[in-house]
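Here are the chains, one letter per residue:
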Amino acid sequence: MKNIAVIGAGTMGNGIAHVFAQHGYKVKLIDVNQASLNKGLATIASNLDRMVAKEKITQQIKNNTLSQIRTFTEIKDGVAEVDLVVEAATENLDIKLDIFKTLDEHCETSTILASNTSSISITQIGAATNRPDKVIGMHFMNPVPIMRLVEIIRGYSTSDEVTNTIMELSKNLGKTATEVNDYPGFVANRILMPMINEAIETLYHQVAGVQEIDTVMKLGMAHPMGPLQLADFIGLDVCLSILKVMYQGFKNPKYAPCPLLVNMVMAGKLGVKSGEGFYDYSQGKKAEKVSAQFA
């Protein structure tokens, strides 16, 4: 397995492409928007420069990594003769189903199709194809080049052979692969998102302020980042989407999104990506100042 296609050049997609390319795989990075591809490549180059500056890699490794990546704006062109496709598009079921139907049509029958989804059913995605045994979840953590975990999700029909192949591939990327079964939120977000949601509920009910809540969790629970800052980093729209998937999947009120989270997303306050969430990022990407809404 040497030829990889990655669908989506956003934060997760370019990170996944970066890691595969750095480990010697030939990568086809696909996005319908050429500007997104250009931005994705620039991000990869910038992250590699940072690694060179910290003497984690050499300039030659950076050059080799970039030379391994080609870009495409058409799925059918980008997925020709690849061994694996990793989809990292928007966390939206309809979009993912359309992508996988297209992949199933244009990929070779031997190609494994993986999704980087953080909550959507791999079984449902696989059922949209004629190869459900070759559909699997590869949930990378953000930032992909740094975080070691890959959550490997088996759909109902995913074969043992495909699971073993992807587990071994993840280890070849220097990652720790953890196999889980296909239920809403899997493991990572089934535990993480209720915690974030409860932190938002705590703010919503005015138990404490933004910085106070994050300080308690950082200093009291040894979390490297408070839950509200983490929500901003993930994207409040992504948090809301995952909570909705779990709420709909389990029909359990404990997964119901906090009204404050719903309102913030409707208002376009999405965290780092929009410049404001629980913190103000207008002067950069550090959570140094609480948003005026909560000050």
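The rules behind the values
Residues numbered from 1 in each chain as written. Predicted model: local features only at pLDDT ≥ 70, side-chain atom pairs only at ≥ 80, totals over all residues. Heavy atoms only, no water. UniProt positions renumbered as here; feature names shortened; annotations may be inferred. Helix = DSSP H or I, 4+ residues; strand = E, 2+ residues; numbered from the N terminus. Rg over C-alpha atoms; globule rule 2.2 N^0.38 Å. Buried < 20%, exposed > 50% of the residue type's maximum accessible area, 1.4 Å probe, protein only. Pairing = 2+ DSSP bridges. Axes fitted to C-alpha atoms, helices over the stretch in contact; angles between N-to-C directions. Contact = heavy atoms within 4.5 Å. Domains from an automatic or database assignment. Buried area = accessible area lost by both parts, 1.4 Å probe. Salt bridge = Lys/Arg side-chain N within 4 Å of Asp/Glu carboxyl O. Expected span 1.5 Å × (residues − 1). Arc of directions from axis to C-beta. Core = buried A, V, L, I, M, F, W, Y, C linked by side-chain atoms within 4.5 Å.

- The name given to the protein chain in an unreviewed UniProt entry is 3-hydroxybutyryl-CoA dehydrogenase, and the organism recorded there is Croceitalea dokdonensis DOKDO 023.
- Taken from UniProt, the Sequence similarities (unreviewed entry) comment for the protein chain reads in full: "Belongs to the 3-hydroxyacyl-CoA dehydrogenase family."

**Some details on the overall build of the protein chain**
Part 1 of the argument: A tally of regular secondary structure across the protein chain gives 12 helices and 10 strands.
Part 2 of the argument: Radius of gyration (C-alpha) of the protein chain: 19 Å, near the 19 Å computed for a compact globule of 295 residues.
Part 3 of the argument: With respect to the three principal axes, the spread of C-alpha positions in the protein chain is 55 × 45 × 35 Å.
Part 4 of the argument: Every one of the 295 residues in the protein chain was classed for burial, and the buried ones make up 47%.

**Looking at the sheet that holds strand E6 (residues 135-140)**
Part 1 of the argument: Taken in spatial order, the eight strands of this open sheet run E3-E2-E1-E4-E5-E6-E7-E8, and their pairing is mixed. The open sheet is flanked by strand E3 (69-72) and strand E8 (176-181), the only strands paired with a single partner. Neighbour to neighbour, the strand axes of the sheet diverge by 25 degrees on average, direction disregarded.
Part 2 of the argument: Where strand E1 (residues 3-7) lies against strand E4 (residues 84-87), four bridges are found, and the strand directions are parallel. Among the inter-strand pairings, Ala5 is bridged to a residue of E4, identified as Val85.

**Section: the side chain of Lys96**
Part 1 of the argument: Tracing the sequence through the fold places Lys96 in helix H5 (residues 93-106).
Part 2 of the argument: Contacts of Lys96, omitting those with residues within four sequence positions, involve Glu87, Ala89, Thr90, Glu91, Ser115, Thr117, Ile120 and Ile125.

**Observations regarding the domain arrangement of the protein chain**
Part 1 of the argument: Taken domain by domain, the protein chain consists of domain 1 (3-181) and domain 2 (189-289).
Part 2 of the argument: Domain 1 and domain 2 are separated by 26 Å when their C-alpha centres are compared.
Part 3 of the argument: Between domain 1 and domain 2, the buried area comes to about 490 Å², and carbon and sulfur atoms account for 55% of it.
Part 4 of the argument: Here domain 1 is connected to domain 2 by zero salt bridges.

**Structural notes on helix H1 (residues 11-22)**
Side chains that are three or four residues apart share a direction in an α-helix, a result of its 3.6 residues per turn.
Part 1 of the argument: Over its 12 residues, H1 runs 17 Å from end to end, which matches the ideal 16 Å to within 8%, given 1.5 Å per residue.
Part 2 of the argument: Counting buried positions along H1 gives 10 out of 12 residues, so the element sits mostly inside the fold.
Part 3 of the argument: Within H1 the residues assigned to the buried category are Met12, Gly13, Asn14, Gly15, Ile16, Ala17, His18, Val19, Phe20 and Ala21.

**Here's the deal with the pattern of salt bridges**
Part 1 of the argument: Within the structure shown, the criterion is met by nine salt bridges.
Part 2 of the argument: Linking Glu87 and Lys96 is a salt bridge whose minimum nitrogen-to-oxygen distance equals 2.4 Å. In this structure, Glu87 and Lys96 share a single accessibility class: buried.
Part 3 of the argument: Glu276 serves as the salt-bridge partner of Lys269, at 3.1 Å between the closest nitrogen and oxygen.

**Let's talk about helix H9 (residues 210-221)**
Part 1 of the argument: The end-to-end C-alpha separation of H9 is 16 Å, in line with the 16 Å expected for 12 residues at 1.5 Å each.
Part 2 of the argument: Within H9, burial applies to Val210, Ile213, Asp214 and Met217. Seen end-on, H9 carries its buried residues on one side only, within an arc spanning 95 degrees. Across H9 from its buried face, at more than 90 degrees, point the exposed residues Leu219 and Gly220.
Part 3 of the argument: Packing partners of the buried residues in H9 comprise helix H8 (188-204), helix H10 (227-234), strand E9 (279-280) and strand E10 (289-290).
Part 4 of the argument: Phi for Ala222, located one or two positions after H9, is positive at around 60 degrees.

**Observations regarding the environment of Thr202**
Part 1 of the argument: Among the structural elements, Thr202 can be located in helix H8.
Part 2 of the argument: Assessed through its relative accessible area of 22%, Thr202 is described here as partly exposed.
Part 3 of the argument: Residues Thr202 and Cys258 lie 56 residues apart in sequence; the distance between their C-alpha atoms is 9.7 Å.
Part 4 of the argument: Ignoring any residue separated from it by four or fewer positions in sequence, one finds Thr202 in contact with Val207, Ala208 and Ile213.

**Let's talk about the environment of Ile95**
Part 1 of the argument: Its place among the elements puts Ile95 in helix H5.
Part 2 of the argument: Once you skip the residues sitting within four places of it in the chain, Ile95 turns out to touch Ala89 and Thr90.

**Description of the UniProt feature "domain: 3-hydroxyacyl-CoA dehydrogenase C-terminal" (unreviewed entry) in the protein chain**
Part 1 of the argument: Residues given the UniProt feature "domain: 3-hydroxyacyl-CoA dehydrogenase C-terminal" (unreviewed entry) here are residues 185-281.
Part 2 of the argument: With 62% helix and 2% strand, residues 185-281 has its two end C-alpha atoms placed 28 Å apart.

**A few points about the nonpolar core**
Part 1 of the argument: Ranked by size, the top nonpolar core spans 35 residues in total, and within it Phe20, Leu84, Met138, Phe140 and Ile166 carry the most contacts.
Part 2 of the argument: Residue contributions to this core peak at six residues, all from H1.
Part 3 of the argument: Not counting residues within four places of it along the chain, the set of residues in contact with Phe140 comprises Met12, Ile16, Phe20, Val86, Asn116, Leu149, Val150 and Leu173.
Part 4 of the argument: Counting residues in hydrophobic clusters, the runner-up holds 27 residues, among them Val210, Ala231, Cys239 and Tyr281.

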